[in-house]
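# Topology and contacts: notes
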Amino acid sequence: MKIARALGLLACLAFMGCAGRDPNDSGATAAKTITMTGLHSFDPPNATVAAGSVVRWRNGDVTRHTVASDTGVTGFNSDPKFPSGLPSGGSFEFTVPGNAISGTVFYYHCEFHGRKGDGAHVGTGMAGSITVQ
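Residues numbered from 1 in each chain as written. Predicted model: local features only at pLDDT ≥ 70, side-chain atom pairs only at ≥ 80, totals over all residues. Heavy atoms only, no water.

On a plain count of helices and strands, the chain comes out with one helix and eight strands. Seen in sequence order, the chain has helices and strands lined up from the N terminus as α-β-β-β-β-β-β-β-β. Partitioning the contacts of the chain with sequence separation of at least 6, the portion at a separation of at least 24 is 59%. Accessible surface, the chain as shown: approximately 7,700 Å² in total, 55% of it carbon and sulfur. (Helix = DSSP H or I, 4+ residues; strand = E, 2+ residues; numbered from the N terminus. Contact = heavy atoms within 4.5 Å. Areas by Shrake-Rupley, 256 points an atom, 1.4 Å probe, with all protein chains shown as cover.)

Within the structure shown, the criterion is met by eight aromatic pairs. Pairwise contacts between aromatic rings join Phe-42, Trp-57, Phe-76, Phe-92, Phe-94, Phe-106 and Tyr-108 into one cluster. (Phe/Tyr/Trp six-rings, centres within 6.5 Å; stacked < 30°, edge-to-face > 60°.)

Okay, the pairing of strand β6 (residues 91–95) next. Judged by which residues are buried, β6 turns out to be one-sided: Phe-92 and Phe-94 face inward and are buried, whereas Ser-91, Glu-93 and Thr-95, on the alternate face, are not. Direction of pairing for strand β4 (residues 54–59) relative to β6: antiparallel, over a ladder of five bridges. Pairing of Val-55 across the sheet is with Phe-94, part of β6. (Buried < 20%, exposed > 50% of the residue type's maximum accessible area, 1.4 Å probe, protein only. Pairing = 2+ DSSP bridges.)

A separate point is the sheet that holds strand β2 (residues 42–43). The strand order across the open sheet built from four strands is β2-β1-β4-β6, with neighbouring strands paired in mixed fashion. The outermost strands of the open sheet, each flanked by one partner alone, are β2 and β6.

Attention now moves to the environment of Phe-92. Structurally, the position occupied by Phe-92 is in strand β6. The exposure class assigned to Phe-92 is buried, which follows from its relative accessible area of 7%.

Grouped together as the largest cluster of nonpolar side chains are 21 residues, with contacts concentrated most on Phe-42, Trp-57, Phe-76, Val-96, Tyr-108 and Ile-130. Within the residue set of this core, elements represented by two or more residues are β1 (32–36), β3 (46–49), β4, β6, β7 (105–115) and β8 (124–132). (Core = buried A, V, L, I, M, F, W, Y, C linked by side-chain atoms within 4.5 Å.)

The four strands are arranged β3-β8-β7-β5 in an open sheet whose pairing can be described as mixed. Among the strands making up the open sheet, the edge pair consists of β3 and β5 (68–69). In this sheet, β7 lies alongside β5 in antiparallel orientation, the contact comprising two bridges. Within β7, the residue paired with Ala-68 across the bridge is His-109.

Predicted confidence across the chain gives a mean pLDDT of 84, with 77% of residues reaching 70 or more. The low-confidence segment residues 1–28, where pLDDT is below 50, has eight contacts with residues more than four positions distant or belonging to other chains. (pLDDT = per-residue confidence, 0-100.)

With respect to the helices and strands, Gly-75 occurs in the loop between β5 and β6. A C-alpha to C-alpha distance of 9.0 Å links Gly-75 and Glu-93, two positions 18 residues apart in sequence. Residues in contact with Gly-75, not counting those within four places in the same chain, are Phe-92 and Phe-94.

Moving on, we get to the side chain of Ser-69. By the element assignment, Ser-69 lies in strand β5. Residue Ser-69 is classed as buried on the basis of its relative accessible area of 10%. A polar contact of 3.1 Å, which involves the side chain of Ser-69, links it to the backbone nitrogen of Gly-72. Aside from chain neighbours lying at most four places away, what touches Ser-69 is Phe-76, Tyr-107, Tyr-108 and His-109. (Polar contact = N/O pair within 3.5 Å; in protein donor to acceptor, adjacent residues only side chain to side chain.)

Structure follows, in structure tokens:
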């Protein structure tokens, strides 16, 4: 048994760099889903993800909602795809830049039910944040 573990460790060092990755893993990061709720809130309101992650907002409400960057980050606005808001059951995705530095915070809000923050703080009402770990 000890020999098998040692061989596994050697394989890890040789083929995967011991990063804890499956050799069949494509390297893509799983999506983080944030739900838009009937309480006019994002659940969770503050998410932490890795650089390169996909963040998906799903409208779990009957009311239309939007996702808009507080600071105008390119691609981080649902309006081009859903000009009148995400319909019930609709979803919008944003990919966090792969070169985003740990500690970077992306602030966002719903244009119908929230107010944007100042770029350093979460806005009011239906607003949230994504922090890169």
